[in-house]
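In case you want the letters, here they are:
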Amino acid sequence: MLVRYRKDYQKIALGLLSLVADLRRNNRFMEELDWATANDWPIFLWKDMDDSHFIGIIILEIGDYYVLIRRLSFTPSERSGHNIFSLLNAVHDQYSGKRLLGTLATQPIISMWERNNE
């Protein structure tokens, strides 16, 4: 289930962002979160329906005709195609009429999701 980021979810969000390799290498978790909020980019956490734990995070940039997936991260035990595709389906439903696009890092996941939905 998509849950919009709030300030009281900051520790959870930082923990999930720490799983992104390039952010972990440069210790830029807080900068990434601050950058996204300063640009008013939507940040969503993904909550597991079975046990109500947050297992993923997604940072989006919204354009007139697209939704750019800037960051996407899941806990290691929850990185299944099912969870990722469910999250992308929820984002697509939230922003219906807009195409999901990815960065160089996230586009392969978006392409797999698109092929899965054909």
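Residues numbered from 1 in each chain as written. Predicted model: local features only at pLDDT ≥ 70, side-chain atom pairs only at ≥ 80, totals over all residues. Heavy atoms only, no water.

Asker: Explain the overall build of the chain to me, please; I cannot follow it from the model alone.
Answerer: Looking only at helices and strands, the chain features 5 helices and 5 strands. Secondary structure of the chain in N-to-C order comes out as β-α-α-α-β-β-β-α-β-α. The C-alpha radius of gyration computed for the chain amounts to 13 Å, which stays within 12% of the reference 13 Å derived for 118 residues, consistent with globular compactness. Residue burial in the chain is summarised as follows: out of 118 residues, 43% are buried. In the chain, once contacts between residues fewer than 6 apart in sequence are set aside, the share between residues at least 24 apart is 54%. Taken as a whole, the chain presents about 6,800 Å² of accessible surface, with 51% of it coming from carbon and sulfur. (Helix = DSSP H or I, 4+ residues; strand = E, 2+ residues; numbered from the N terminus. Rg over C-alpha atoms; globule rule 2.2 N^0.38 Å. Buried < 20%, exposed > 50% of the residue type's maximum accessible area, 1.4 Å probe, protein only. Contact = heavy atoms within 4.5 Å. Areas by Shrake-Rupley, 256 points an atom, 1.4 Å probe, with all protein chains shown as cover.)

Asker: So what exactly am I meant to see when it comes to the packing of aromatic side chains here?
Answerer: One pair of aromatic rings is described through two measures. These are the centre distance and the angle between the planes. Applying the stated rule across the entire model yields 2 aromatic pairs. Ring centres of Trp35 and Trp41 lie 4.8 Å apart, and the angle between their planes is 75°; on these two criteria the pair is classed as edge-to-face. We classify Trp41 as buried; its relative accessible area is 14%. (Phe/Tyr/Trp six-rings, centres within 6.5 Å; stacked < 30°, edge-to-face > 60°.)

Asker: Could you clarify how one ought to interpret unusual backbone geometry in this entry?
Answerer: Leave glycine aside and you will find that most residues have negative phi; peptide bonds, for their part, are mostly trans. Positive phi, normally seen in glycine, also occurs at Asp40, with a value near 55°. On the secondary structure map, Asp40 appears in the loop between α3 (29-38) and β2 (43-47). Phi is positive for Ser52, close to 60°, though the residue is something other than glycine. Residue placement: Ser52 occurs in the loop between β2 and β3 (54-62).

Asker: Just to check I follow, could you spell out the side chain of Ser73 for this structure?
Answerer: Mapped onto the secondary structure, Ser73 falls in strand β4 (residues 66-74). In this structure Ser73 comes out as buried when scored by relative accessible area, which is 5%. A polar atom in the side chain of Ser73 sits 2.7 Å from the backbone oxygen of Leu16. With sequence-adjacent residues up to four places away left out, Ser73 is seen in contact with Leu16, Leu19, Val20, Ile55, Gly56 and Ile57. (Polar contact = N/O pair within 3.5 Å; in protein donor to acceptor, adjacent residues only side chain to side chain.)

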